[in-house]
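Summary of the model geometry
Residue-level listing of the chains:
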Amino acid sequence: MLKNTRNDVQVKVTDAEVNVEEIKQNVKDWQTAVNNTITEAERLIQEKEDNPGCFKVLRPNCITRYKHSKKAFKLKQDIVLKQDEKFDSVSYPTIPLKKNFDKLRDDVLKLRNARGKVQRKVEEAKNNVEEIEEDVKKWLEDVDSIIVKADDLIKNQSSIGTDRKTRYQKSKAASELMEDKIDPLLQQEVKFDRVSYPTIPLEKNFDKLRDDVSKLKNARLKVQCKITEAKNNVEEITEDVNKWLEDVDSLIIKAEELIQNQSSIGTDCETRYRNSKAASELMVDNIVPLLQQEERFDKVSRPTIHKEIWLRSNEDYLAFESRNSTVKNVWDALQDEEIYMMGVFGMGGLGKTTLVQEIGRKADNEKLFDEIVFVEVTETPATKKIQTVIANKLGLKFKDAMEDESQRASKLYSRMEKRNILLIIDNIWGELDLKIVGIPSLADRGRNKILMTTRNVDVLEKMGSTKNLGMGILNEKEAWSLFKKMAGNVIQTLELNSLPKDVCKECGGLPIVICTIAKALRSRRQKSQWEDALRILRMPSPAKFTRLLEKEYSKIKLSYDYLEGDELKKTFIISSLMENNTSILDLLKNIVGLGILEGANLTIEQARNRLDSVVKELKDSCLLLDGRTEGRFSMRDVVRIVALTCAYTDHHVFTERNDIEKEWKDKDKLRKCKIISLVGNNIITQLWPEALDCPKLEFLRGSFFEIPKEFFTMTPKLKVLNLFRIQQLLPSSLAHLTNLQTLCLDGSSIRDVAIIEKLKELKVLSLQSTYIEELSTQIGQLTGLKILDLSNCWELKVIAPNVISKLSQLEELYIKGCGIQWKVEVLKEVKHLSQLTNLEIYIEDNKMMPRDFFSRELKRFNISIGYQQLGIYGFSRMFEFQYDSAISLEELRILKNVELLRLVKFSDDDNNLKPLFNEKVFFTNLMALELRNISSGRIWDNQFPTLLSSSYQNLTRFILESCGKIKYVFSSSIAKSLQTLKSLEIRDCEVLEEIVAEEEGAKVVNFAFPQVTNLWL
């Protein structure tokens, strides 16, 4: 290996010698050492071969071997070291010495010429009292130094001998001097356009400085005007503009100090030059760039998303107890990750907007969201407008005004996607497609939340809101607190007495009305002013809204205006004419004859279903309220005021609230009238003592007024006549109402109804609580009758034969609460009414019941046989039965859809141990079961536990009373199925041992009825 390395180096040396290059001394030394090492190694190898006995016999000479091995090891280390030697080059390159120095002399001459050129410029500048630039001074110093160095190198050229290394080093020094020093200096000289700063006369320079400072002040004023305008527009000033102002202020101070010190400058040229230079540098390096920067300020600010007023504190907000649960539920929903959309609904003027804004303020204070946006939709939503409002509040700009809704929606979606934004959408009137607006879907919501307000809960449900909370009016205490706050100290005026509280009460607990009235009376201290306000609130004119509440009532009217179609609007108008807690049945009687409900040839059942839907929609719109019990409705007083005004202006409806002089006595207006409602007022008979001249009248409702005999001769279009609590005979002119569809005479003292037989088109006849004693054969002439209501006619004893059978179109018959002595033949007529769907009847003697009386399933019924208990229960299918051996429970199987079943048995049979309910007697829809005086020992047949337990799983109420043989109430299988039971009452059961009995072989299970909230034992 070492020989190979030696050979490689020798090749390089040979090549260098061919090129007349000088071999480096270290290379030569290495070659000598390598040769010696190789010679010694070869000698050791030969010595080993010449003396094999010392190394390979059985007993070698150890000392000789050791010495030989030691020499070999040392020699091997030496070989390794020499083998690792690396030579990048083995010689000095040959540089023509003479040629290199000739070039050096030429470059030095060029450098001298360049120095002379620059020196002349310097002298000229100095003559002009100009200051030489620092780089020029440095260049001259460097040139002088290099020329001295080059001259020394050239001068020593003759002393260089023939030694190659010395010649190489000198030649290399000349080359490096030219490349590293002379050439750069020559190049730098070419770039010297000028060698000095021109000297400007002191006065002229400071005059220019004053001028530039004035320009800078003007520029600052211009920028400050822009800043003031931007701040007035609540915009944020950009950082570079603020920095520019700071720099300008600092520079103006510095310049003015320089100008102020000008008078102290003497005649010394150097001092004058120095000050002039300072002024010049201040202008060139600072003022001019700042003036140029100002010109580039197209804008000094950027728009900011400023905090909206509603997010700040609202001093008028009062936290009412009745609102606390709503606020808490909304707040919990905002923090529930599973809920995305939620809503608050209620009629106009309840304070929904105020409530959600207060929740927004709380969320802002607690940093629940990064951004909070409030947008009002209004009753005529414009998608682009909604998009623009939301975008502006999020700092998103739609640059192109021509962008269509989808393009804007895409940008808005991207801006809101997977963020933490609370979007409050206020006053939604109809289903709003959030996707079209650009609101992220559920999948892309991130931590976003949507909180909505509306007057119609149906809107929230259609939009997919999962948490909907209703708002009601304020209670009396809360209303008074709000009224006091809004009215101020005026309520303490002694002369007013109770007037402030009376006025507050008439506001109906509606915040918008309370605030408006209280603020309007805030500065009114005269009693007459408060009395006038009270009169307006109690008896407002339906002709127009009172000026005091015009704006507020108009807002409520929007809910009416937004109703779609006459069906909803007219039903709302008719509802406003009726008392609170009116039944849907009474409304149906008044509506069905006017043809308001949509659909052709509707049956009463279809009409009832349709009316239920309409009432539900009016309730969802918060124009109607639930009544005190199911199947009834009410209306807020303030809504009724608005409704009666709409009724008068839109439908020519006259009521007792109309002005007598201006409206009731205007006979032209009355001739256009279609609806009249007069309760407890006889103005109409005073104005029309004979015939009522209302040719367009379709609906007349009234009470307690005398009806002239010829009163109805000029009302040919009358369809609905509802006269309740009248105290006279029916007028003969009633026979002229040939188009009459509905006749209601409830609570009247009439006895003779024979004249009604002439009303051939009659579909609804209601004689509730009248004094009629017999349903005569004349009623049988009303073959088109669909509803007959004889409820609570206690004097009614007889129904003539073949009367009911002729009423073949009858769908609903109400004949409960009467003293009728039923005959089997008459009950058979009831049984054969093929169109009957609703029956309310009391049969005192069950022996009069014809066989298979319950042969047809009814939609609704309230049937009492042998026993009846008064009360309102809220069920649509109720059956009371006092049974004995004459009628078995099996005969009642057709009533399997019964919801309330009340069984009473007065029997002397002491040995009846049969269960009441078995595989043949069960009721799958039963919700309430009441058992009284039952002689059976068991209620349920344990042989069919699965069938029976599944049949009573909807039961919510169970009463067991005076059942002397019952030892236990439920078997365990029955009890386990009663998961919906809420009320359990057990009274006077003498031998009762346990409520739930374990069945034989069944495991003992400890449990309670999970839903029971009323327990009476």
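Anything mentioned here points back to the structure above.
Notes on the structure follow.

Basis of the calculations
Residues numbered from 1 in each chain as written. Predicted model: local features only at pLDDT ≥ 70, side-chain atom pairs only at ≥ 80, totals over all residues. Heavy atoms only, no water. Axes fitted to C-alpha atoms, helices over the stretch in contact; angles between N-to-C directions. Helix = DSSP H or I, 4+ residues; strand = E, 2+ residues; numbered from the N terminus. Parallel < 35°, antiparallel > 145°, perpendicular 65-115°, else oblique. Left-handed = near helix turned anticlockwise from the far one by under 90°. Contact = heavy atoms within 4.5 Å. Nonpolar A, V, L, I, M, F, W, Y, C, P; charged D, E, K, R; others polar. Pairing = 2+ DSSP bridges. Phe/Tyr/Trp six-rings, centres within 6.5 Å; stacked < 30°, edge-to-face > 60°. Buried < 20%, exposed > 50% of the residue type's maximum accessible area, 1.4 Å probe, protein only. Lys NZ or Arg CZ within 6 Å of the ring centre and 35° of its normal. Expected span 1.5 Å × (residues − 1). Salt bridge = Lys/Arg side-chain N within 4 Å of Asp/Glu carboxyl O. Core = buried A, V, L, I, M, F, W, Y, C linked by side-chain atoms within 4.5 Å.

All right, on to the packing of helix α17 (residues 499–506) against helix α19 (residues 527–538) then. At a minimum axis separation of 9 Å, α17 and α19 run at an interaxial angle of 20°. When the interaxial angle is binned, α17 and α19 end up roughly parallel. By crossing handedness, the relation of α17 to α19 is classed as left-handed. On α19, the residues that touch Leu499, Pro500, Asp502, Val503 and Glu506 of α17 are Lys527, Trp530, Glu531, Leu534, Leu537 and Arg538. A breakdown of the residues in the contact of α17 with α19 according to their chemical character gives six nonpolar, no polar and five charged.

This part covers the sheet that holds strand β13 (residues 625–626). Sheet strands pair via backbone hydrogen bonds, and the direction of the pair is either parallel or antiparallel. Strand order in the open sheet formed by three strands is β12-β14-β13, and the pairing between neighbours is antiparallel. Looking along the sheet, the strands with just one partner apiece sit at the ends: β12 (582–583) and β13. Of the pairings in the sheet, the one linking β13 to strand β14 (residues 632–634) comprises two bridges and is antiparallel in character. Opposite Asp626, over in β14, you have Phe633 as the bridge partner.

Aromatic ring pairs: the centre-centre distance and the angle between the two ring planes describe each pair. Here the structure, examined in full by the defined rule, presents 13 aromatic pairs. On the numbers, 5.8 Å between centres and 85° between planes, the contact of Trp244 with Phe297 is edge-to-face. Separated by 53 residues along the polypeptide, Trp244 in helix α8 (residues 239–260) and Phe297 in the loop between α9 (269–295) and β6 (301–303) bring together distant segments of the chain. Like Phe297, Trp244 is buried. Where Trp940 meets Phe970, the ring centres are 6.3 Å apart and the plane angle is 25°; that geometry is what we call stacked. With a gap of 30 residues between them, Trp940 in strand β31 (residues 938–940) and Phe970 in strand β33 (residues 968–971) connect regions that are remote in the sequence. Judged on exposure class, the residue Trp940 and its partner Phe970 are both buried. Positioned over the ring face of Tyr560 is Lys569, at 5.3 Å from the centre of the ring.

What follows is about helix α11 (residues 352–365). Here α11 contains 14 residues, and its C-alpha end-to-end distance of 20 Å stays within 8% of the 20 Å for a straight helix at 1.5 Å per residue. If you check which residues of α11 are buried, you get Lys352, Leu355, Val356, Gln357, Ile359, Gly360, Arg361, Ala363 and Asp364. If you follow the buried residues of α11, they end up packed against α10 (321–334), β7 (341–345), β8 (371–378), β9 (421–428) and β10 (449–454).

Time to look at the pattern of salt bridges. Per the stated rule, a full pass over the model turns up 49 salt bridges. In this structure, Arg701 and Glu579 form a salt bridge, with 2.9 Å as the shortest nitrogen-oxygen distance. In this pair, Arg701 sits in strand β17 (residues 699–703) while Glu579 sits in the loop between α21 (565–576) and β12, placing the two residues 122 residues apart along the sequence. Glu579 gets classed as partly exposed once you look at its relative accessible area, which sits at 38%. The salt bridge partner of Arg608 is Glu812, with a shortest N-O separation of 2.7 Å. Taken together, the positions of Arg608 in helix α23 (residues 604–620) and Glu812 in strand β24 (residues 812–815) put the pair 204 residues apart, joining distant regions of the chain. Assessed through its relative accessible area of 0%, Glu812 is described here as buried. Each of Lys816, Glu880, Arg902, Glu930, Arg932, Arg957, Glu961, Glu985 and Arg987 takes part in a single network of salt bridges with overlapping partners.

So, about the sheet that holds β10. The parallel open sheet is built from five strands, whose spatial order is β8-β9-β10-β7-β11. Looking at strand neighbours, the two that pair on one side only are β8 and β11 (467–470), the edges of this open sheet. Sheet twist, expressed as the average angle between the axes of neighbouring strands with direction ignored, equals 15°. The pairing of β7 with β10 spans five bridges and is classified as parallel. Across the sheet, residue Met341 finds its bridge partner in β10, namely Ile450. Lying over the sheet, helix α12 (residues 383–393) contacts β8 and β9, oriented at roughly 160° with respect to β8.

Attention now moves to the nonpolar core. In this structure, Ile390, Ile425, Phe483, Phe572 and Ile574 are the most contacted members of the largest nonpolar core, which totals 125 residues. Counting residues per element, this core draws most heavily on helix α24 (residues 637–651), which supplies eight residues.

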